[in-house]
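Observations on the model geometry
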Amino acid sequence: MRTALQILLHGAAILFLTLLSQLGGLAWVLALPFRRRRVVFFAGFAAIYAALSVTAAWVAPTFGRVPMACGAEGPLRIASPVYCLLNRHYGTPELAAVLNDLSRDMTRRHPDATVQLLDANFPFFDGFPLLPHLSHADGRKADVALFYLDPDGAPGPALRSPLGYFAFEDGPTDCPPRRLTLRWDLAWLQPLWRDLSLDRVRTRDLLALLAADERVGRIFVEPHLRATLDIDRPTFGFQGCRAARHDDHIHLQLK
Ligand SMILES: [Zn+2]
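Being a predicted model, the structure only gives us computed values, none of them experimental. Residue numbering note: each chain is counted from 1, following its sequence as written. For this predicted model, a pLDDT threshold of at least 70 governs which residues receive local features, and a threshold of 80 or more governs which side-chain atom pairs are given and counted, while totals over whole chains, interfaces and linings are taken from all residues. With hydrogens and water stripped out, all remaining heavy atoms of the structure feed into the side-chain values.

1. Overview of the pairing of strand S5 (residues 141-145)
Looking down a regular strand, the side chains alternate between one sheet face and the other. Relative accessibility under 20% of the residue-type maximum defines a buried residue, over 50% an exposed one, and the middle range a partly exposed one, all with a 1.4 Å probe and only protein chains included. Helix and strand labels come from DSSP, where a helix needs a run of H or I of at least four residues and a strand needs a run of E of at least two; each type is numbered from the N terminus. Summarising burial for S5: 5 of the 5 residues are buried, a large majority. Where burial is concerned, the two faces of S5 agree: the one with Lys141, Asp143 and Ala145 and the one with Ala142 and Val144 are both buried. Paired strands, as defined in this entry, are two strands with at least two bridges between them according to DSSP. Summarising the sheet, S5 and strand S10 (residues 249-254) pair through 5 bridges and their orientation is antiparallel. Across the sheet, Lys141 pairs through a bridge with Gln253, a residue of S10.

Structure, rendered in structure tokens:
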């Protein structure tokens, strides 16, 4: 009975870590020979996971994806080290070029502007989604953070939420409230976020630059945010009412 429960728990851990970081499940499997002593097991898991993650950064380019923003030089920054720790910062070389060009162009317009990368893609395998983003499965999609003003009203690097997600800008929507949907409102979380206002100037310029890039095929941003920012382009799209809201971040995908 105990063995069956252990197998179940290990299976759940392997599944969860694979979905979270792609390589975590494999690291757990490789650490299983040390499972008799818990401290040794977790130390072994951490060491194996670190080794796999470092190796992925070297090997992924062979499979058509490169690491982005983590420790790299240049104006593109990762919004949180969590994304790097979980191997969620990979993309095709073309996506990396688009994001680096975007960051450079933003810095030219606004020397204080840093484009912050959120979830991108895992290092390996087309068709392996980076949950909860079902479409981030081919190395050609990425999310970037909105820009905010500091409490004193000056343009700043701070984000409203630690990971750059789920701090929604309120606005009208045609989507009916539904229970079974990925369009989370997470109302209970909203009071926890920093009370920063959207930097309309820099966010608008970011959208304009993205829309002007011919390599970018689609940009998801909530309709009410487009109206507030007074910007519309043919590449702007709405993800639909069953997918995640896009008034806490911007989603872009290559053609
Ligand atoms: Zn996205």
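2. Brief notes about the side chain of His246
Looking at where His246 falls in the secondary structure, it is placed in the loop between strand S9 (236-237) and S10. Polar contact is the term for a pair of N or O atoms within 3.5 Å; when the atoms are in protein, one must be able to donate a hydrogen and the other to accept it, and sequence-neighboring residues count only if both atoms are side-chain atoms. At 3.1 Å, the side chain of His246 and the side chain of Gln239 are in polar contact. At a separation of 3.4 Å, a polar atom in the side chain of His246 contacts the side chain of His249. Among all residues touching His246, those that are not within four sequence positions of it are Phe220, Val221, Glu222, Leu225, Gln239 and His251. The contact criterion used throughout is that any non-hydrogen atoms of two residues lie within 4.5 Å.

3. Re the pairing of strand S8 (residues 216-220)
As paired elements, S8 and S10 share 4 bridges and run antiparallel to each other. Bridge pairing links Ile219 to Leu252 in S10. Relative to S9, S8 runs parallel, the two sharing 2 bridges. Following the sheet pairing, Phe220 is matched in S9 by Gly237. Between S8 and its parallel partner S9, the chain crosses via helix H7 (residues 223-229), and the hand of that crossover is right-handed. A crossover counts as right-handed when, viewed with the strands pointing away from the observer, the path leading from the first strand over the helix to the second turns clockwise.

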